[in-house]
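Spelled out, the chains give:
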Amino acid sequence: MTAARLLSLDALRGLAVVLMMEQHMAVWLWRSDPGLSPIAQAPVLMALNGLGGLAAPTFITLAGAGTSFLARSRTTGLDAILVRRGLIVMAFGWLLNLLTPSWFSAGSWFVLHLMGVGMVTAPLWRRLSDRALLFGQAMFLLAAPFVQHWLVTPELLVNDRMRRLDLAGGPLRLALAEGQFPIVPWLGLFLGGIVVGRWLQQRRTAPILRMASVLLVTGVALAAVGLRLGPHEGVWHRLFQIRLSFYPATPAIVMLLQSGTLLLLLAALALERRGKLDERGWLVPLGRASLTLLLVHVVVFRELTRPLGAWQAFSSEVALTIVAIWVILCALAARLWQRVGYRYGAEWLLRIFGG
């Protein structure tokens, strides 16, 4: 392993983009019966859909880790590069807003916007100590129920609500607390990712395991208290509540998801140490093309399926077959594209214009 580029991080991004595409596409292609439980109808599809919940936390955590690696490799102009790259990632997010009107409004706020704002503000965070950054992560997570209570955020946010711009605060409200991946609490994962990146550079995996353990135990404890207390009103209900949906996110679900991300990271690192990851393998090229694949699959399967009559038109078995074929095609394309450095893709543009 080298500090400059870890194949395990690329492979983990590759896994994350596969999980994200499956989670999105399966729902967009599957014709479900609204009168029956989705789990009873399609247990395999729904199990894979649940694993897809790890995708965005993984992207956010690795974006923070990437900030640490960039700080190690650049000696001059680092802050300007971070800001430029963050603005470009946010621009990709706003472009996707415009290209996907069935899902987003012009002011929608999702994972690309969140990662972008993390990079833009990274000149503030990267100078903090590990302890300060981990404290900051905890504060972002614990602030979520209080901010949601202050804004009277519904306990379950549906897509129509997460795209509304007519409420007090407009797009800032979505960015702060009521978008798909708002600053509170999700920026906390970016801060924690910066620390994880530092530990990776120091070849220290024990602190990563401890962090994963603390997040897991704390998340389970919060959920257990919530079950013990039962339904009730107020900010404490939001603090202890656990739901499979993270719209809006509660501290418990965010902690559990990031613990899963860190455990996957440790597994990927172990595979790399044993020589089980190859730059020409399947996951590494997918990871290096993950931003492009994120953008393309949303437009193709969220927008183009509608005029083609493929929107929620298939059985769960056919939907999963289409997903599998798409993932295989993406993997093949990424391996071929690797030969020319992913030229003209989103990652290539980010390097060219971001520095």
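Our subject is the structure listed above.
Bear in mind that the values here come from a model prediction, so they are computed numbers and not experimental data.

A. Representation of the overall build of the protein chain in the model. Secondary structure summary: the protein chain contains 18 helices and zero strands in total. In terms of C-alpha radius of gyration, the protein chain reaches 20 Å, essentially the compact-globule figure of 20 Å for 355 residues. Reported as C-alpha extents along the three principal axes, the dimensions of the protein chain are approximately 55 × 45 × 40 Å. Buried residues in the protein chain amount to 54% of all 355 residues. For the protein chain, the proportion of contacts with a sequence separation of at least 24, taken over those separated by at least 6, is 78%. On the protein chain, the mean spot of the 32 positive side-chain charges and the mean spot of the 16 negative ones are 10 Å from each other.

B. View of the nonpolar core. Leu-112 and Trp-186 are the most contacted members of the largest nonpolar core, which has 97 residues in total. Contacts of Leu-112, omitting those with residues within four sequence positions, involve Val-89, Met-90, Phe-92, Gly-93, Leu-291, Leu-294 and Leu-295. Core analysis: the next-biggest nonpolar cluster, separate from the first, contains five residues, Leu-78, Ile-81, Leu-82 and Ala-122 among them.

C. Geometry of the pattern of salt bridges. Scanning the entire structure with this criterion turns up nine salt bridges. The residue Arg-126 makes a salt bridge to Asp-79 at a minimum N-O spacing of 2.8 Å. Here Arg-126, found in the loop between helix H7 (122-125) and helix H8 (130-151), pairs with Asp-79, found in helix H5 (residues 78-99); they are 47 residues apart in sequence, far enough to count as distant. Residue class for Arg-126 comes out partly exposed when judged on its relative accessible area of 24%. The class for Asp-79 is partly exposed, based on a relative accessible area of 24%. Residue Glu-178 pairs with Arg-161 through a salt bridge whose shortest N-O separation is 3.3 Å. Here Arg-161 lies in helix H9 (residues 159-162) and Glu-178 lies in helix H10 (residues 170-178), a separation of 17 residues in the sequence. Judged by its relative accessible area of 0%, Glu-178 is buried. Classification of Arg-161 as buried rests on a relative accessible area of 17%. One network of salt bridges, with partners in common, ties together Asp-10, Arg-13, Glu-279 and Arg-288.

D. Region of interest: the environment of Leu-51. In this structure, Leu-51 sits in helix H3 (residues 43-51). For Leu-51, a relative accessible area of 44% corresponds to the partly exposed category.

E. Layout of the packing of aromatic side chains. A complete count under the given rule lists 14 aromatic pairs for this structure. For the ring pair Phe-301 and Trp-326, a centre distance of 4.9 Å and an interplane angle of 80 degrees mean the geometry is edge-to-face. Note that Phe-301 is positioned in helix H16 (residues 290-304) and Trp-326 in helix H17 (residues 316-337), a separation of 25 residues in sequence. For the pair shown, Phe-301 and Trp-326 are each scored as buried.

F. Layout of the environment of Val-318. On the secondary structure map, Val-318 appears in helix H17. According to the relative accessible area criterion, Val-318 is partly exposed, its value standing at 36%. Linking Val-318 and Ala-26, residues 292 residues apart in sequence, is a C-alpha distance of 9.4 Å.

G. Spotlight on the side chain of Thr-61. The topology assignment puts Thr-61 in helix H4 (residues 55-73). Residue Thr-61 is classed as buried on the basis of its relative accessible area of 2%. Polar contacts involving the side chain of Thr-61 include one to the main-chain carbonyl oxygen of Pro-57, which spans 2.8 Å. Sequence-distant contacts of Thr-61, defined by excluding residues within four places in its chain, comprise Leu-189, Gly-193, Gln-258, Thr-261 and Leu-262.

H. Representation of the packing of helix H11 (residues 183-201) against helix H12 (residues 206-229) in the model. It is at 9 Å that the axes of H11 and H12 come closest, and there the two elements cross at 150 degrees. As summarised for this structure, H11 and H12 are arranged roughly antiparallel, according to the angle between their axes. Between H11 and H12, the residues in contact are Gly-192, Val-196, Trp-199 and Leu-200 and Pro-207, Ile-208 and Met-211, respectively. When its residues are assigned to classes, the contact of H11 with H12 shows six nonpolar, one polar and no charged.

Parameters and conventions
Residues numbered from 1 in each chain as written. Predicted model: local features only at pLDDT ≥ 70, side-chain atom pairs only at ≥ 80, totals over all residues. Heavy atoms only, no water. Helix = DSSP H or I, 4+ residues; strand = E, 2+ residues; numbered from the N terminus. Rg over C-alpha atoms; globule rule 2.2 N^0.38 Å. Buried < 20%, exposed > 50% of the residue type's maximum accessible area, 1.4 Å probe, protein only. Contact = heavy atoms within 4.5 Å. Lys, Arg positive; Asp, Glu negative; His and termini not counted. Charge placed at Lys NZ, Arg CZ, Asp CG, Glu CD. Core = buried A, V, L, I, M, F, W, Y, C linked by side-chain atoms within 4.5 Å. Salt bridge = Lys/Arg side-chain N within 4 Å of Asp/Glu carboxyl O. Phe/Tyr/Trp six-rings, centres within 6.5 Å; stacked < 30°, edge-to-face > 60°. Polar contact = N/O pair within 3.5 Å; in protein donor to acceptor, adjacent residues only side chain to side chain. Axes fitted to C-alpha atoms, helices over the stretch in contact; angles between N-to-C directions. Parallel < 35°, antiparallel > 145°, perpendicular 65-115°, else oblique. Nonpolar A, V, L, I, M, F, W, Y, C, P; charged D, E, K, R; others polar.

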